[in-house]
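Each chain, written out:
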Amino acid sequence: MKKVSPSYQMNPVEEAILEGCLQGNRMSQKKLYDRYKDAMYTLCYRITNDFEMAQDAMQEGFVGVFRGLEKFQRKSSLGAWIKTIIVRAAYKKIKQNNRFFESLDQVADELILDWGEYMTPDYLEKAIQGLPDGYRTVFVLIEIEGYSHKEVAKMMTISEGTSKSQLFHAKKNLKKQLRAWGIER
Amino acid sequence: MNIGDLPQYKAPDDLWANIERQIQQANVKPAHAYWAIAASFLILFSLGFLMPGEENETRDNVIITLEKELKGAPVLSPAIRSTYETQFVALEKELANCLMGLGQDEIRTIRPKLAEYYGLASRQDELLNDLKPNAKNQQWQQTLILVEHKRNKVLYEIFGSVCPQHLQPQKPNEKR
């Protein structure tokens, strides 16, 4: 018997906004953008580490969102679907700028970051910004956005092993940096 | 500290204008122009379809200014667009509040009406994009009035089917 994947139960307001967007209603498009703009911009910035590139990624990403809305199959939340498109747009920006993943040995990603009481969001943000592109992208997607290695691998067309190794080295770099600042235990 | 405490950045204000322009260039379905709403109000008002009744003075002033603007300039001033945009957003916000209380089944029921509503809004937009050459064309005016009238009707039908009576907005042509 064929298994049918259940469609995601959308929030009614979002459902109405989606309907408006599908009809080409500009106000609905603006509402959809407003709902996600800051979160997506933050994500773009964290991946690209560059405000200008983040803006480019937002533009390309959201144009892709509005062009592709008819293909949205409700297998996930609308927000999750949009996020995937935006992540791809941001990742594309890094690649266009020849900022590729470093080739690394596959390692386990079980390194635990244990920061002490002096850790602040600003310190962590600064440390993340100091990571190379590949490390940072995977760290942001997995540790901050909550994606799995499998999902990250699919989005970035890399292997799960590469994703794991990037995360391992991201954490190692972060540890080193935070320790230098006297924050990591 | 939690990783969720990391700061969030605010998207630049002018970003949407660029995205919107690209959407239009990318030939996404026609967008709804805000000034179009204002222009349709003026036309309906001048033809007696929309009675202002005891509407407040601000709205009268806006309509007078609109008349002046339309005679001289093809595009409405940002201030007037903003006024109508605010009114329209307020109405849609009320609708969104009503929708908040609905279940998936009820939403599914009204989805065709929502689609019809947005379809009419887009049609109205298309017509108003041709405002300048057609403003004096009677057939064009009648089509616009019909579309506008139907759009309002559908909007109030949606309100009527999903909102409790006391939350429903008053129709613009109802005498108080």
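Residues numbered from 1 in each chain as written. Chains lettered and ligands numbered in written order. Predicted model: local features only at pLDDT ≥ 70, side-chain atom pairs only at ≥ 80, totals over all residues. Heavy atoms only, no water.

Caption draft 1: Structural view of the overall build of chain B. Counting its secondary structure elements, chain B contains seven helices and zero strands. For chain B, the sequential pattern of α-helices and β-strands runs α-α-α-α-α-α-α. Sorting the 176 residues of chain B into buried and exposed places 42% on the buried side. At a minimum sequence separation of 6, the contacts of chain B that also span at least 24 residues come to 65%. When the accessible surface of chain B is split by element, carbon and sulfur atoms take 51% of a total near 9,900 Å². (Helix = DSSP H or I, 4+ residues; strand = E, 2+ residues; numbered from the N terminus. Buried < 20%, exposed > 50% of the residue type's maximum accessible area, 1.4 Å probe, protein only. Contact = heavy atoms within 4.5 Å. Areas by Shrake-Rupley, 256 points an atom, 1.4 Å probe, with all protein chains shown as cover.)

Caption draft 2: Here's a closer look at the overall build of chain A. On a plain count of helices and strands, chain A comes out with eight helices and zero strands. Its helices and strands taken in sequence order, chain A reads α-α-α-α-α-α-α-α from the N to the C terminus. Every one of the 185 residues in chain A was classed for burial, and the buried ones make up 54%. Taking contacts inside chain A between residues at least 6 apart in sequence as the whole, the part at least 24 apart equals 72%. Here chain A has roughly 9,000 Å² of accessible surface; of this, 47% comes from carbon and sulfur atoms.

Caption draft 3: Just the packing of aromatic side chains, in detail. Counted according to the given criterion, the structure contains nine aromatic pairs over all chains. Between Phe51 of chain A and Tyr9 of chain B, the ring centres sit 5.6 Å apart and the planes meet at 75°, which makes this aromatic pair edge-to-face. One end of the pair, Phe51 of chain A, is in helix α3 (residues 51-68); the other, Tyr9 of chain B, is in the segment before α1 (15-25), on a second chain. For the pair Phe62 of chain A and Phe66 of chain A, a centre-to-centre distance of 6.4 Å together with 35° between the ring planes defines the contact as tilted. (Phe/Tyr/Trp six-rings, centres within 6.5 Å; stacked < 30°, edge-to-face > 60°.)

Caption draft 4: Quick look at the packing of α3 of chain A against helix α4 (residues 78-96) of chain A. Residues and elements named next belong to chain A. Between α3 and α4, the least distance of the axes is 8 Å, while the angle of their chain directions is 135°. Here α3 lies oblique to α4, going by the angle between them. Read as a crossing pair, α3 and α4 show a hand that is right-handed. Contacts between α3 and α4 pair Met53, Asp56, Ala57, Glu60, Gly61, Phe62, Gly64, Val65 and Gly68 from the former with Trp81, Ile82, Ile85, Ile86, Ala89, Ala90, Lys92, Lys93 and Ile94 from the latter. (Axes fitted to C-alpha atoms, helices over the stretch in contact; angles between N-to-C directions. Parallel < 35°, antiparallel > 145°, perpendicular 65-115°, else oblique. Left-handed = near helix turned anticlockwise from the far one by under 90°.)

Caption draft 5: Structural context of a positive patch on the surface. Residues and elements named next belong to chain A. On the surface, Lys75, Arg88, Lys150 and Lys154 cluster together into a patch of positive charge. Tracing the sequence through the fold places Lys150 in helix α7 (residues 149-156). Accessibility expressed as a relative area gives 61% for Lys150, which makes it exposed. (Patch = residues over 30% accessible without salt bridge, like charges linked within 9 Å, V, L, I, M, F, W, Y side chains within 5 Å. Salt bridge = Lys/Arg side-chain N within 4 Å of Asp/Glu carboxyl O. Lys, Arg positive; Asp, Glu negative; His and termini not counted. Charge placed at Lys NZ, Arg CZ, Asp CG, Glu CD.)

Caption draft 6: Representation of the packing of helix α6 (residues 133-144) of chain A against α7 of chain A within the structure. All names here are of chain A. Packing of α6 against α7 brings their axes to within 10 Å, and their N-to-C directions diverge by 135°. As the angle between them shows, α6 and α7 are arranged oblique. For α6 against α7, the interelement crossing comes out right-handed. Between α6 and α7, the contacting residues are Thr137, Val138, Leu141 and Ile142 on the first element and His149, Val152, Met155 and Met156 on the second. Residues of the contact of α6 with α7, tallied by class, amount to six nonpolar, two polar and no charged. (Nonpolar A, V, L, I, M, F, W, Y, C, P; charged D, E, K, R; others polar.)

Caption draft 7: Structural context of unusual backbone geometry. Residue and element names in this part refer to chain A. The backbone phi angle of Asn49 is positive, close to 60°, even though this residue is not glycine. Summarising the element assignment, Asn49 is placed in the loop between α2 (26-48) and α3. Accessibility expressed as a relative area gives 27% for Asn49, which makes it partly exposed. One non-glycine residue, Arg74, lies in the positive phi region at around 60°. By the secondary structure assignment, Arg74 is in the loop between α3 and α4.

Limitation: the analysis is restricted to geometry and does not speak to function.
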